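Examining the three-dimensional arrangement
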Amino acid sequence: MPESFSQELEAAKEIAVAAGAILLEHYAGAPVVEWKGVGDPVTSADRAASGFISAELKRRFPGDFILSEEESDSMERLSRPRVWIVDPMDGTKEFIARVGEFAVMIGLSVGGRPVVGAVYDPTNATLYFAAAGQGAFVSDGRETRPMRVNGESDPARARIALSRSHPSIRVDRVRRRMNIRNSIQRGSIGLKIALICEGKAHLYLHINDHTSQWDTCAPDAILREAGGRLTDTDGAALTYNRRETRNLRGVVATNGVIHDRVVKALQEERALEKK
């Protein structure tokens, strides 16, 4: 009988909401902003939420390892079957710009597979969550609803979720190739993939290597349970708790129905670029 992961899911949900409250405290004030690299900000809010999440996960699951964007990494995690993969705040640029659209993301990988995901949008008090075999859900504090992808198969009627902070000429080329006219913008990757889970969008692309395991683990677990699919740009499923934290071959998230066609369009564009 497959493991249920109910305890882990409840913990991820509780911790994500509590971490979201920490982010909102900083959001209401004047958080300190630093830069880890060009175009890569980190704030006092990221670090406060990260410290809280890591402490809570260690307290509740002392045998598990944690890979978090804002914590030091250790290759010891590679020998652990269960690893929590955390982004304490996905959408830091949106946080700094004060447009909302940032999220807490907590995922659990077991044997490299994403089995639990919680993505919390603090400014809208909306929680997206799933555990393997239990379905995907969204809660706004008043009601909890199941989520299922929209099975649209015609790209001309599909809607692509686009980044608010990272426009991409290559993504635009794929859109034109597939005749995808409709789009919707969000900041956090987790919130863009949540749009697919809710049936409000049908695909999301991040073609370069600028995402990492903590950007995709929790949303991947949720999208799978909502009936969608997440792979790299070659169509291979992402595995987690890898030595390399970056998703070197990009990310393709879809409703599943149009997935292979999106991957094919990406490959065709890549072939043209090489000519």
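Going by the structure above, here's the rest.
Anyway, here's the lowdown on the structure attached to this text. (Residues numbered from 1 in each chain as written. Predicted model: local features only at pLDDT ≥ 70, side-chain atom pairs only at ≥ 80, totals over all residues. Heavy atoms only, no water.)

**Points about the pairing of strand β9 (residues 144-147)**
A regular strand carries its side chains on alternate faces of the sheet. With four bridges connecting them, strand β8 (residues 136-139) and β9 associate as antiparallel partners. What sits directly across from Ala-136, in β9, is Met-147. Hairpin connection between β8 and β9: a loop of four residues separates the two successive antiparallel strands, and Gly-141 in this loop has a positive phi of roughly 90°. (Pairing = 2+ DSSP bridges. Helix = DSSP H or I, 4+ residues; strand = E, 2+ residues; numbered from the N terminus.)

**Topic: the nonpolar core**
Ranked by internal contacts, the top residues of the largest apolar core, which has 34 residues, are Val-119, Tyr-128, Ile-193, Ile-222, Leu-223 and Leu-230. Every element with two or more residues in this core is listed here: β3 (65-68), β4 (82-90), β5 (103-110), β7 (126-131), β8, α5 (189-197), α6 (213-225) and β14 (251-254). Sort the elements by how many residues they give to this core and α5 lands first, with seven residues. Those residues in contact with Leu-223, other than ones at most four positions away along the chain, are Val-149, Ile-193, Ile-196, Cys-197, Gly-228, Arg-229, Leu-230, Ala-253 and Thr-254. By size, the runner-up hydrophobic cluster in this structure holds 31 residues, among which are Val-86, Ala-118, Tyr-120 and Leu-127. (Core = buried A, V, L, I, M, F, W, Y, C linked by side-chain atoms within 4.5 Å. Buried < 20%, exposed > 50% of the residue type's maximum accessible area, 1.4 Å probe, protein only. Contact = heavy atoms within 4.5 Å.)

**With respect to the sheet that holds β14**
Reading across the sheet, the five strands line up as β11-β10-β12-β14-β13 and stay open at both edges, with mixed pairing between neighbours. In this open sheet, the two strands that pair with only one neighbour each are β11 (182-186) and β13 (229-231). Each adjacent strand pair in this sheet contributes to an overall mean axis angle of 20°, direction not counted. The pairing of strand β12 (residues 203-206) with β14 spans four bridges and is antiparallel. Directly across from Leu-203, in β14, lies its bridge partner Thr-254. Strands β10 (159-163), β11, β12, β13 and β14 of the sheet are contacted by α5, whose axis makes an angle of about 150° with β12. (Axes fitted to C-alpha atoms, helices over the stretch in contact; angles between N-to-C directions.)

**A short note on the sheet that holds β5**
In sheet architecture, strand pairing relies on hydrogen bonds along the backbone and comes in two forms, parallel and antiparallel. The seven strands are arranged β3-β4-β5-β6-β7-β8-β9 in an open sheet whose pairing can be described as mixed. Taken across any chain shown, the strands that pair with only one partner, and hence form the sheet edges, are β3 and β9. Each adjacent strand pair in this sheet contributes to an overall mean axis angle of 20°, direction not counted. With respect to the sheet, helix α1 (residues 6-27) is in contact with β4, β5, β6 (113-121) and β7, its orientation differing from that of β6 by roughly 30°. The sheet strands contacting α5 are β4, β5, β6, β7 and β9, and the helix crosses β6 at an angle near 105°.

**Remarks on α6**
End to end, α6 covers 18 Å across 13 residues, agreeing with the expected 18 Å (1.5 Å per residue, within 8%). Within α6, the axis deviates most sharply at Pro-219, by approximately 30°. The buried fraction of α6 is high, at twelve of 13 residues. For α6, the full list of buried residues reads Gln-213, Trp-214, Asp-215, Thr-216, Cys-217, Ala-218, Pro-219, Asp-220, Ala-221, Ile-222, Leu-223 and Glu-225. Two residues or fewer after α6 comes Gly-227, characterised by a positive phi angle close to 100°. (Expected span 1.5 Å × (residues − 1). Bend = angle between axes of the 7 residues up to and from the residue.)

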